[in-house]
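# Summary of structural features
Single-letter residue listing:
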Amino acid sequence: MNIQADILDNFFMAEAMRQAELAYEEGEIPVGAIVVIGERIIGKGYNQTEKLNDVTAHAEMLAITAASDHLGGKYLQECTLYVTLEPCIMCAGALYWTQMKRVVFGAVDEKRGYSRLRENILHPKTMLTRGILAGESQELLLKFFRQLRT
């Protein structure tokens, strides 16, 4: 990656973090996601499983839906998803079907992340970048779960 790409990755992951903070403020598990085409955000989402009473209302799923609506199609082959936490198996499966060009995530999800599987379930052409703003994402998640326990 070049310096310009690194700057863009950090910028867009910071936008995903803002979505995670919205989830946190609403008492949802603080995960945020955005979908970008070129240098333009075309979809945003944050976890809303409690608010919508819907187990599929993950940040990634909502951002994918918004991006698909924006483009008027189900394939996101020229898009990048930025998400603060490694996608779960459900979200990774959805990313496969969208044929997302690239996935960038922050913190690893050791309990529910798709990488727990032996085989990669993202689309074979999907490029993957891990660890962008991972510390910030992990800290927000830890803060959320600490508050639940008190």
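Residues numbered from 1 in each chain as written. Predicted model: local features only at pLDDT ≥ 70, side-chain atom pairs only at ≥ 80, totals over all residues. Heavy atoms only, no water.

Before going further, it helps to examine the sheet that holds strand S1 (residues 32-37). Pairing in this open sheet of 5 strands is mixed, and the strands run S2-S1-S3-S4-S5 from one edge to the other. Each edge of the open sheet carries a strand with a single partner, namely strand S2 (40-46) and strand S5 (127-130). When the angles between neighbouring strand axes are averaged without regard to direction, this sheet yields 15°. (Pairing = 2+ DSSP bridges. Helix = DSSP H or I, 4+ residues; strand = E, 2+ residues; numbered from the N terminus. Axes fitted to C-alpha atoms, helices over the stretch in contact; angles between N-to-C directions.)

All right, on to the packing of helix H1 (residues 3-25) against helix H4 (residues 134-149) then. As a packed pair, H1 and H4 sit with axes 11 Å apart at the nearest point and diverge in direction by 5°. It follows that H1 is roughly parallel to H4 by the angle criterion. Residues Met 17, Ala 20, Glu 21 and Tyr 24 of H1 touch H4, and the partners they reach there are Glu 136, Ser 137, Leu 140, Lys 143, Phe 144 and Gln 147. Of the residues in the contact of H1 with H4, the class split is 5 nonpolar, 2 polar and 3 charged. (Parallel < 35°, antiparallel > 145°, perpendicular 65-115°, else oblique. Contact = heavy atoms within 4.5 Å. Nonpolar A, V, L, I, M, F, W, Y, C, P; charged D, E, K, R; others polar.)

In this structure, S1 lies alongside S2, joined through 6 bridges in antiparallel fashion. Each residue of the ladder has a partner; that of Gly 32, found in S2, is Tyr 46. Where S1 folds back onto S2 in an antiparallel hairpin, the turn is made up of 2 residues, including Gly 38, whose phi is positive at roughly 65°.

As recorded in UniProt, the feature "binding site: Zn(2+)" (unreviewed entry) lies at His 58, Cys 88 and Cys 91. Spatially, the listed residues are clustered: although they cover 34 residues, their C-alpha atoms lie within 9.2 Å of one another. Note on placement: His 58 falls in the loop between S2 and helix H2 (59-71). Beyond its immediate sequence surroundings of up to four residues, His 58 is in contact with Asn 47, Thr 49, Cys 88, Met 90 and Cys 91. Among the polar contacts listed, one links the side chain of His 58 to the backbone oxygen of Val 55, at a separation of 3.2 Å. (UniProt positions renumbered as here; feature names shortened; annotations may be inferred. Polar contact = N/O pair within 3.5 Å; in protein donor to acceptor, adjacent residues only side chain to side chain.)

Attention now moves to the UniProt feature "domain: CMP/dCMP-type deaminase" (unreviewed entry) in the protein chain. Feature annotation in UniProt assigns "domain: CMP/dCMP-type deaminase" (unreviewed entry) to the following positions: residues 7-117. Segment residues 7-117 splits into 38% helix and 23% strand. End C-alpha atoms: 31 Å apart.

Glancing now at a positive patch on the surface. A cluster of basic residues, Lys 111, Arg 112, Arg 116 and Arg 149, forms a positive patch on the protein surface. Here Arg 116 is to be found in the loop between strand S4 (102-107) and S5. (Patch = residues over 30% accessible without salt bridge, like charges linked within 9 Å, V, L, I, M, F, W, Y side chains within 5 Å. Areas by Shrake-Rupley, 256 points an atom, 1.4 Å probe, with all protein chains shown as cover. Salt bridge = Lys/Arg side-chain N within 4 Å of Asp/Glu carboxyl O. Lys, Arg positive; Asp, Glu negative; His and termini not counted. Charge placed at Lys NZ, Arg CZ, Asp CG, Glu CD.)

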